[in-house]
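# Reading the structure
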Amino acid sequence: MNKTTTIPDPRLIAATSTLAAGLFVLDLWLPLGVAVGVLYWGVVLIALASPQRWFPLTVTGACSILIIVGALLGPIHSGVPLWMAVTNRLLSLLVIWVPVVVFLERRRGVEALRRAYDELERRVEERTAELVKANQALEAEIAERKRAEASLWETQHALEQNRWQLRALAAQLLTAQDDERRRISRELHDDLNQRLAMLAVEIETFQQRLPSSKLIAEKLRSLHEQVVELSDDVRHLAYQFHPSILDDLGLPIALQRYIEDFSTRTGINVTLVHKDLPDPLPQDIASCLYRVAQESLGNVAKHAHASHAAVELLGSETGVRLSVRDSGVGFDPTKVKQPLICLGFTSMKERVRLVNGRLEVKSSPGQGTEVRIWIPLAGSSP
Ligand SMILES: Nc1ncnc2c1ncn2[C@@H]1O[C@H](COP(=O)(O)OP(=O)(O)O)[C@@H](O)[C@H]1O
Ligand SMILES: [Mg+2]
């Protein structure tokens, strides 16, 4: 159907006009009666084949004129009443107009429907194209995100690896430091201290053998005192580097000795309670507990401004718990998290981690501080 053409098919024009003219002539000469309407209806039917709306309307109008003119000019049949002839013509007009109007209205409806359908189809196509575009954009975005996620994962992985390497390094450093302390302590105690002791003995012997001169005797006595003092200092230094009694006599005694020494030096009163400690305590765990207690008490002396502190060591079948508590000024643990600034806490945590334990710091300004650690014994979970 070509909607742009306004001229109907010439064959249709020719057929309808010839037929209408023929019928008109027939109507003038022959008494067609009721057949007039039916015959003209045939002409109208042919005109309806034209897609142009105006053409069947024009043909129907022309046929109506011909029907009326035919009635006026045609032969008057005797015996046929006028009303019947008029009714016949009116019926003929009805017969050609009703189908035309109905048909054209119906066709208008169908065309409107088709237009609506075409419009709908166009919109669906447009929408589909938009959706395809949106889908492609979405797919591109998903691919981009996946790439970003993958690179993020790689970075995280690398960071995690670096962290593990750093931790391993810290662990090695701590172990190396402990070994080195042990070695220096042994050197100081077994070698240097012994030699100083020998020197003191020699001075003493020399003092006894020399002819009595007050000045020399006085000098030698002072020398002897200095050497003995030096020897004490070296022993103390050796003890600080690594208390051999930790290995020889165990953690409670070593801690007790450290606490006594600490109290004498700082004037802080420290109580030690220990209960149910496994015997023997593995050396690495004992060493860790000792160092953590040492660092925590060091912090009490340095930062807490407390007059009293308490150390508690509790053992069980599954592990050992240590608590170092003071009633000093306290601090906000969330504000001292930088590992480079809080070297004490960082090394405590690393030590505890090395023996699969965990460390907790409970403190707040004005409320004192408690450092707690829990170390599981081999064969039990942390
Ligand atoms: N017992 C305590 N009382 C008050 N403040 C403390 C105590 N222990 C630690 N702190 C605070 O935590 C910080 C970190 O301690 P630490 O890691 O041992 O580093 P450092 O002792 O070298 O300053 C300290 O500088 C101090 O402010
Ligand atoms: Mg410290």
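See the structure above.
Please read all numbers here as calculations on a predicted model, not as lab measurements. (Residues numbered from 1 in each chain as written. Chains lettered and ligands numbered in written order. Predicted model: local features only at pLDDT ≥ 70, side-chain atom pairs only at ≥ 80, totals over all residues. Heavy atoms only, no water.)

## Re the packing of helix H7 (residues 251–266) against helix H8 (residues 283–304)
- Where H7 contacts H8, the axes come no closer than 11 Å and their chain directions differ by 15°. By the angle between their axes, H7 is roughly parallel relative to H8. Here H7 and H8 pass one another in a crossing that is right-handed. Taking contact as the criterion, the partners of Leu251, Ala254, Leu255, Tyr258, Ile259, Phe262 and Thr266 in H7 are, on H8, Ala286, Leu289, Tyr290, Ala293, Gln294, Leu297, Gly298 and Ala301.
- For the contact of H7 with H8, the class distribution of residues is twelve nonpolar, three polar and no charged. (Axes fitted to C-alpha atoms, helices over the stretch in contact; angles between N-to-C directions. Helix = DSSP H or I, 4+ residues; strand = E, 2+ residues; numbered from the N terminus. Parallel < 35°, antiparallel > 145°, perpendicular 65-115°, else oblique. Left-handed = near helix turned anticlockwise from the far one by under 90°. Contact = heavy atoms within 4.5 Å. Nonpolar A, V, L, I, M, F, W, Y, C, P; charged D, E, K, R; others polar.)

## Some points on the site of ligand 1
- Around ligand 1 there are 14 residues in total, and Glu295, Asn299, His303, Asp326 and Phe345 lie nearest to it.
- The contact in question runs from a nitrogen atom of ligand 1 to an N or O atom on the side chain of Asp326, over 3.0 Å.
- Protein burial of ligand 1: of its 530 Å² of free accessible surface, 81% is covered by the chains.
- Where the shell around ligand 1 is concerned, the elements lending two or more residues are H8 and helix H9 (343–354).
- Looking at the shell around ligand 1, the element that brings in the most residues is H8, giving five residues.
- Class assignment of the residues belonging to the shell around ligand 1 gives a composition of six nonpolar, five polar and three charged. (Near = heavy atom within 4 Å. Polar contact = N/O pair within 3.5 Å; in protein donor to acceptor, adjacent residues only side chain to side chain. Areas by Shrake-Rupley, 256 points an atom, 1.4 Å probe, with all protein chains shown as cover.)

Distances and angles like these do not, on their own, reveal function.
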